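Remarks on the overall topology
For reference, the chains in residue letters:
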Amino acid sequence: MFPFDNSYARLPERFFASVKPGAVRAPHLIRFNAALAEELGLRLDGEDEAALAALFSGNSLPEGAQPLAMAYAGHQFGQFVPQLGDGRAILLGEVVDRHGRRRDIQLKGAGETPFSRRGDGRAALGPVLREYIVSEAMHGLGIPTTRALAAVVSGEPVIRETVLPGAIFTRVAASHIRVGTFQFFAARGDEEGLRQLTDYVIARHYPALQGAENKALALLDAVAERQAALIARWMAVGFIHGVMNTDNMTISGETIDFGPCAFLDEYHPRKVFSSIDRQGRYAYANQPGIGQWNIARLAECLLPMMEGGEDKAVEDANAVLVRFGDMFQRHWLKNFRTKLGLIGEDAGDLALINDFLALLARHEADFTLGFRGLSAALTDGAASAPALFAQEDAAVWYSRWQTRLGNERPLSVIAIAMENANPFVIARNHRIEEAITAALSEDYTIFHRLVDAVNAPYSCNQQWSDLAVPPEPEQRVARTFCGT
Ligand code: AMP
Ligand code: MG
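For the protein chain, the assigned domains read domain 1 (8–173), domain 2 (179–322) and domain 3 (342–419). One C-alpha centre belongs to domain 1, the other to domain 2, and the line joining them spans 22 Å. Taken together, the 35 residues of domain 1 in the interface contact 38 residues of domain 2. Between domain 1 and domain 2, the buried area comes to about 3,100 Å², and carbon and sulfur atoms account for 61% of it. Of all residues in domain 1, the largest losses of buried area upon contact with domain 2 belong to Arg 14, His 75 and Phe 77, amounting jointly to 22% of the total for that side. Linking domain 1 to domain 2 there are five salt bridges. For the pair domain 1 and domain 2, the interface holds 15 residue pairs in polar contact (both at pLDDT 80 or more). When residues of the side of domain 1 that touches domain 2 are traced back to their parent elements, those giving at least two are strand 4 (74–76), strand 7 (102–108), helix 3 (125–141) and strand 10 (163–173). In terms of residue count, helix 3 provides more of the side of domain 1 that touches domain 2 than any other element does, six residues in total.

As structure tokens, then:
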């Protein structure tokens, strides 16, 4: 059924704990991503909903699965925790998909593991639906991310602040190896483990580095580049991850662990949604700085394996950290130039972009509609320019932008390019809340509709135009929760 080839399970025993999912009482399928299953080469065509529910709850194990919980450590809000690990997630195994890419299939909320600490190993329905919606929205946006393969209600309650329905989420990832996986071995002085992990990660995610002279340094540089690119993509769609702890940062460069994450409605650089982020450590504009901080933690783990002695290793690693800033800036500029329909590079572009963002902030304008409105104005004229441009400062910016666009390309061509870079529908927080609230009364229609809409976020599909509208003041969601 699943063409498993489980390479992580072949690593030494201290990398993980073998553990089976705990059975649940009455699993019921909420949603199954048949297109993704097909891409993964899973043969599930003839299976009915009950069989899928049994499979994606962990009640029945597909043949060839080698269920395990991965060991990792991590800095949580700056504090180092030497042992975290999969406390409520169980890796079933890996498959090589139709494009030749190795992918992990993992159940989240599948019961206790040796890493559960005080947790129950379970997940509540709300966070499962949130992760389903937002991870598929990220995919729709074209941003590297873990994917949603299935969501199942368990038929059992979980106890959080209140009693909630339990659910299990099936996640697909390039791998679940995190910065914190390296920290797990580094914290134990386990150089042998670090070397095995490094070789494994290079073979799996960075095969081009296999012949590199200074493999550990090359890996650091490559992870820094992917993370810089990823965070720049987040910034370009107004995404706030919310918990960029080192255990929530992948080595592959995919977005992972959708907890209190959210997309901005009105733009503000210091915006924070997460109820647990009281200091604003993971605020929107702090994300590149935190990315660099996390890469510094990875550098510390890789130092002992770098060539040329300790001083040289420190110098080389520092150079990567400095370069991270340049990498991010380069990706960020590229993304925002595209969002504004700019081709080529002009020395004034940085100021032009920043001034637009400052306008959005000053007038508390919606981030997504602000950009989307610009392309509408190009084709439909000033009448459909965002209301924002009735303001004098905005009108001045608008004419600067028009000058920069020049007249080399027809405005309609620029507008089409901009529409492909600026989403129409994002997974707005109040819509996610609405979907979860309805699901708690067993009505999944809003959830399904939202997932369908965010799958194609750039197309201006009128059947979803209500989902493009920002929240009314009374619909605003000020806080998001981790859901652990
Ligand atoms: P997260 O905040 O989801 O990134 O999780 C941080 C750590 O807490 C990880 O080691 C998780 O496996 C663990 N964890 C979160 N929720 C639970 C739970 N309900 N039961 C056991 N462990 C959990
Ligand atoms: Mg996590």
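Still to come is the rest of the account.
Close to ligand 1 lie 18 residues; Gly 85, Gly 87, Arg 88, Arg 117 and Gly 121 are nearest. Gly 85 is positioned such that a nitrogen or oxygen atom in its backbone is 2.6 Å from an oxygen atom of ligand 1. Asn 248 places a polar side-chain atom, nitrogen or oxygen, 3.1 Å from an oxygen atom of ligand 1. Coverage of ligand 1 by the protein amounts to 87% of the 480 Å² it exposes when considered alone. There are two domains that each give the shell around ligand 1 at least three residues, and those are domain 1 (8–173) and domain 2 (179–322).

Per the counting criterion, the structure on display carries 26 aromatic pairs. Feature note: the residues Tyr 267, Tyr 284, Trp 332, Phe 336, Phe 356, Phe 367, Phe 371, Phe 389, Trp 397, Tyr 398 and Trp 401 constitute an aromatic cluster, connected by ring pairs. The ring of Phe 184 carries Arg 188 above its face, with NZ or CZ at 3.7 Å from the centroid. Above the ring of Trp 293, the side-chain terminus of Arg 281 is found at 4.8 Å from the ring centroid.

Once that is clear, we can look at the coordination of the magnesium ion (ligand 2). The magnesium ion (ligand 2) binds to the protein through Asn 248 (OD1) and Asp 257 (OD); the donor distances cover 1.9 to 2.1 Å. Residues Asn 248 and Asp 257 agree in their burial class; the two are buried.

As judged from the four bridges shared by strand 2 (residues 28–32) and strand 9 (residues 147–159), these two strands associate in the antiparallel manner. By the bridge assignment, Phe 32 is partnered in strand 9 with Ala 150. In terms of strand pairing, strand 9 meets strand 10 through nine bridges, oriented antiparallel. From the neighbouring strand, Val 153 faces strand 10, where its bridge partner is Ala 167. The turn joining strand 9 and strand 10, which pair antiparallel and follow one another in sequence, is formed by three residues.

One non-glycine residue with positive phi stands out, namely Asp 257, at about 65 degrees. Within the fold, Asp 257 resides in the loop between strand 11 (239–240) and strand 12 (262–263). Phi at Glu 364 takes a positive value of approximately 50 degrees, unusual for a residue other than glycine. Considering the arrangement of structural elements, one finds Glu 364 in the loop between helix 9 (349–362) and helix 10 (367–380). By relative accessible area, which is 58% here, Glu 364 ends up exposed.

Take the nonpolar core next. If you look at the biggest cluster of nonpolar residues, it comprises 159 residues, and the most contacted ones within it are Tyr 8, Phe 182, Phe 336, Phe 356 and Trp 401. In contact with Tyr 8, other than residues within four places in its own chain, are Phe 15, Phe 16, Leu 68, Met 70, Leu 91, Glu 94, Ile 177, Thr 181, Leu 197 and Tyr 200.

This paragraph deals with a negative patch on the surface. A cluster of acidic residues, Asp 45, Glu 47, Asp 48 and Glu 49, forms a negative patch on the protein surface. Tracing the sequence through the fold places Glu 49 in helix 2 (residues 49–55). For Glu 49, a relative accessible area of 51% corresponds to the exposed category.

Between its first and last C-alpha, helix 13 (residues 429–440) extends 17 Å over twelve residues, near the 16 Å set by a 1.5 Å rise per residue. Asn 429, His 430, Arg 431, Ile 432, Ala 435, Ile 436, Ala 438 and Ala 439 are the residues of helix 13 that are buried. Residues of helix 13 that are buried sit in contact with helix 3, strand 12 and helix 14 (445–454). With its phi angle positive at about 65 degrees, Glu 442 sits one or two positions after the end of helix 13.

Bringing the packing of helix 4 (residues 179–187) against helix 5 (residues 191–205) into the picture now. Contact geometry for helix 4 and helix 5: axes closest at 9 Å, N-to-C directions at 160 degrees. When the axes of helix 4 and helix 5 are compared, the pair comes out roughly antiparallel. Packed against helix 4, whose contacting residues are Thr 181, Phe 182, Phe 185 and Ala 186, the element helix 5 presents Gly 193, Leu 194, Leu 197, Thr 198 and Val 201 at the interface. Class assignment of the residues belonging to the contact of helix 4 with helix 5 gives a composition of six nonpolar, three polar and no charged.

Cut-offs used in this document
Residues numbered from 1 in each chain as written. Chains lettered and ligands numbered in written order. Predicted model: local features only at pLDDT ≥ 70, side-chain atom pairs only at ≥ 80, totals over all residues. Heavy atoms only, no water. Domains from an automatic or database assignment. Contact = heavy atoms within 4.5 Å. Buried area = accessible area lost by both parts, 1.4 Å probe. Salt bridge = Lys/Arg side-chain N within 4 Å of Asp/Glu carboxyl O. Polar contact = N/O pair within 3.5 Å; in protein donor to acceptor, adjacent residues only side chain to side chain. Helix = DSSP H or I, 4+ residues; strand = E, 2+ residues; numbered from the N terminus. Near = heavy atom within 4 Å. Areas by Shrake-Rupley, 256 points an atom, 1.4 Å probe, with all protein chains shown as cover. Phe/Tyr/Trp six-rings, centres within 6.5 Å; stacked < 30°, edge-to-face > 60°. Lys NZ or Arg CZ within 6 Å of the ring centre and 35° of its normal. Donors = N, O, S within 2.8 Å, 3.2 Å for Na, K, Ca; no water. Buried < 20%, exposed > 50% of the residue type's maximum accessible area, 1.4 Å probe, protein only. Pairing = 2+ DSSP bridges. Core = buried A, V, L, I, M, F, W, Y, C linked by side-chain atoms within 4.5 Å. Patch = residues over 30% accessible without salt bridge, like charges linked within 9 Å, V, L, I, M, F, W, Y side chains within 5 Å. Lys, Arg positive; Asp, Glu negative; His and termini not counted. Charge placed at Lys NZ, Arg CZ, Asp CG, Glu CD. Expected span 1.5 Å × (residues − 1). Axes fitted to C-alpha atoms, helices over the stretch in contact; angles between N-to-C directions. Parallel < 35°, antiparallel > 145°, perpendicular 65-115°, else oblique. Nonpolar A, V, L, I, M, F, W, Y, C, P; charged D, E, K, R; others polar.

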